[in-house]
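Each chain, letter by letter, is given below.
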Amino acid sequence: MVDFSWERQAREKGFAAVCGIDEAGRGPLAGPVYAAAVILPDGLLLPGLNDSKKLTEKKRELLFDEICAEAVAYGIGYATEQEIDEVNILQATYLAMARAVEALPVPAAYALVDGNRMPPLSIPGETIVKGDGCCASIAAASILAKVSRDRVMKEMDSVYPQYQFAKHKGYGTKLHRELLQQYGPCPIHRRSFLKKILGDSHE
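Position numbers for residues count from 1 along each chain, tracking the sequence in the order it is written. Given that this is a predicted model, residues contribute local features only at a pLDDT of at least 70 and side-chain atom pairs are listed and counted only at 80 or more, while totals for whole chains, interfaces and linings are drawn from all residues. The basis for every side-chain value is the complete set of non-hydrogen atoms in the structure, without hydrogens or water.

Student: Is there a simple way to explain the overall build of the chain in this structure?
Tutor: In DSSP terms, a helix is any run of H or I states spanning at least four residues, a strand is any run of E spanning at least two, and both are numbered starting from the N terminus. When helices and strands are counted, the chain shows 8 helices and 5 strands. Starting at the N terminus and walking to the C terminus, you meet the elements of the chain as α-β-β-α-β-α-α-β-β-α-α-α-α. Whereas a compact globule of 203 residues would reach a radius of gyration of roughly 17 Å, the chain reaches 17 Å, a difference of no more than 12%. Along the first, second and third principal axes, the C-alpha set of the chain runs to 55 × 35 × 25 Å. Two residues form a contact once any of their heavy atoms are found within 4.5 Å. For the chain, the proportion of contacts with a sequence separation of at least 24, taken over those separated by at least 6, is 65%. Accessible areas in this description were obtained via Shrake-Rupley with a 1.4 Å probe; residue shielding takes into account the shown protein chains only. Accessible surface, the chain as shown: approximately 9,500 Å² in total, 53% of it carbon and sulfur. Our radius of gyration looks at C-alpha atoms and nothing else; its globule reference is 2.2 Å times the residue count to the power 0.38.

Student: What is the right way to look at the nonpolar core in this model?
Tutor: Proteins that are soluble and globular tend to have nonpolar side chains buried together. Val38, Leu40, Leu49, Ile67, Ile143, Phe165 and Ile188 are the most contacted members of the largest nonpolar core, which totals 32 residues. Of all the elements in the fold, those that place two or more residues in this core are β2 (33–39), α2 (57–70) and α5 (136–159). Top element by residues in this core is α5. It accounts for 11 residues. If we ignore the near neighbours within four places in the chain, the residues touching Ile188 are Ala30, Gly31, Glu81, Met153, Met156, Tyr160 and Phe165. Put simply, a nonpolar core is a bunch of buried Ala, Val, Leu, Ile, Met, Phe, Trp, Tyr and Cys residues held in one set by side-chain atoms that sit within 4.5 Å of each other. Whether a residue is buried, partly exposed or exposed follows from its accessible area with a 1.4 Å probe, protein chains only, as a fraction of its type maximum: under 20%, in between, or over 50%, in that order.

Student: I tried to follow the packing of helix α7 (residues 174–183) against helix α8 (residues 191–198) on my own but got confused; where do I start?
Tutor: In a packed pair of helices, the relevant descriptors are the angle between the two axes and the axis-to-axis distance. Every angle, taken between N-to-C directions, lies between 0 and 180 degrees, and every axis is a line fitted to C-alpha atoms, over only the stretch in contact when it is a helix. It is at 11 Å that the axes of α7 and α8 come closest, and there the two elements cross at 85°. When the axis of α7 is compared with that of α8, the two are roughly perpendicular. Taking contact as the criterion, the partners of Arg177, Leu180 and Gln181 in α7 are, on α8, Leu194, Ile197 and Leu198. We call Asp, Glu, Lys and Arg charged. Ala, Val, Leu, Ile, Met, Phe, Trp, Tyr, Cys and Pro are nonpolar, and the rest, Gly among them, are polar. Each residue belonging to the contact of α7 with α8 can be placed in one class, and the counts come to 4 nonpolar, 1 polar and 1 charged. For classification purposes, an angle smaller than 35 degrees is called roughly parallel, one larger than 145 roughly antiparallel, one from 65 to 115 roughly perpendicular, and anything else oblique.

Student: Is there a simple way to think about the sheet that holds strand β3 (residues 73–79) in this case?
Tutor: The strands that make up a sheet pair up through hydrogen bonds in the backbone, lying either parallel or antiparallel. Strand order across the open sheet formed by 5 strands is β3-β2-β1-β4-β5, with mixed pairing between neighbours. Looking at the sheet topology across the chains shown, the edges are occupied by β3 and β5 (125–128). For this sheet, the mean angle separating the axes of adjacent strands, direction not counted, is 20°. A pair of strands is treated as paired once DSSP finds two or more bridges between them. Across 4 bridges, the pairing between strand β1 (residues 18–24) and strand β4 (residues 110–114) is parallel. Among the inter-strand pairings, Cys19 is bridged to a residue of β4, identified as Ala111. Along the sheet, α5 makes contact with β1, β2, β3, β4 and β5, crossing β1 at roughly 40°.

Student: Please explain the pairing of β3 as it appears in this structure.
Tutor: Regular strands place their side chains on alternate faces of the sheet. Only one face of β3 is buried: it carries Ala73, Gly75, Gly77 and Ala79, and the other face, with Tyr74, Ile76 and Tyr78, is open. As paired strands, β2 and β3 are joined by 7 bridges and run antiparallel to one another. Each residue of the ladder has a partner; that of Val38, found in β3, is Tyr74.

Student: Just to check I follow, could you spell out the state of the cysteines for this structure?
Tutor: By definition, a disulfide is the covalent link that joins the sulfur atoms of two cysteine residues. Our working definition of a disulfide is a cysteine sulfur pair at a distance within 2.5 Å. Counted according to the given criterion, the structure contains 0 disulfides. Just so you know, Cys68 is unpaired, no disulfide at all, and the nearest cysteine sulfur is the one on Cys19, 15 Å from it. Among the cysteines around Cys134, which has no disulfide bond, Cys135 carries the closest sulfur, lying 6.1 Å off.

Student: It is not clear to me how the environment of Val38 should be interpreted in this structure. Could you clarify?
Tutor: For Val38, the position within the fold is in strand β2. Those residues in contact with Val38, other than ones at most four positions away along the chain, are Val18, Cys19, Gly20, Ile67, Ala71, Ala73, Tyr74, Ser137, Ala140, Ala141 and Leu144.

Student: Explanation requested: helix α4 (residues 89–102) in the structure shown.
Tutor: Think of an α-helix as 3.6 residues a turn; residues three or four steps apart then line up on the same face. Here the expected span of a helix is defined as 1.5 Å times the quantity of residues minus one. With 14 residues, α4 extends 20 Å between its outermost C-alpha atoms, agreeing within 8% with the 20 Å of an ideal straight helix rising 1.5 Å per residue. If you check which residues of α4 are buried, you get Ile89, Leu90, Ala92, Thr93, Tyr94, Ala96, Met97, Ala100 and Val101. Those residues of α4 that are buried are in contact with β1, β2, β3, α3 (81–87), β4 and α8. Residue Asn88 occupies the N-cap position of α4, its side-chain oxygen lying 3.0 Å from the main-chain nitrogen of Leu90. The definition of a polar contact used here is a pair of N or O atoms within 3.5 Å, where within protein one atom must be able to donate a hydrogen and the other to accept one, and adjacent residues in sequence count solely through side-chain atom pairs.

Such coordinate-based values are descriptive only and should not be taken to indicate function.
Okay, structure coming up:
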């Protein structure tokens, strides 16, 4: 059940503006990793708000627009595939999260972060395992991050049509792996993720 209990606990500690943070795209073989930070008005009713992975694409798109319209503030950040290869996916995810916080037009005082590892942020916070399924602002952040990334991968589909990015969004599906074997990597593939799939033949 998604609710505002975590945000209220943080406010009771004296933090006025509490943001939820989540990422999208840690696992794919191609494209950037995205993160979002969202400050919601307390008790905002967004029917269907949930972990983005549990929603249909159509519902995510609808909620994306509602969250952007109703949020006190939101920020979206990403790290490129080059940064992922340079610093590793965990550090790149931290970069994306920090950029999302910095992009907030209204500064947050405290962060609720999905997962069990706290990124180095400019504000204090805490982690919540499976937070995208229980904490309203994290669920909202998961939707903004997921939709933002999916939109970029759809754009990449028209730049590199042979990989069919609109279908799999860069994830390592059977289709994507077969197309990688056929065409080799393109500029938005994460080279550090491909070694096991392609061996050294496409280095």
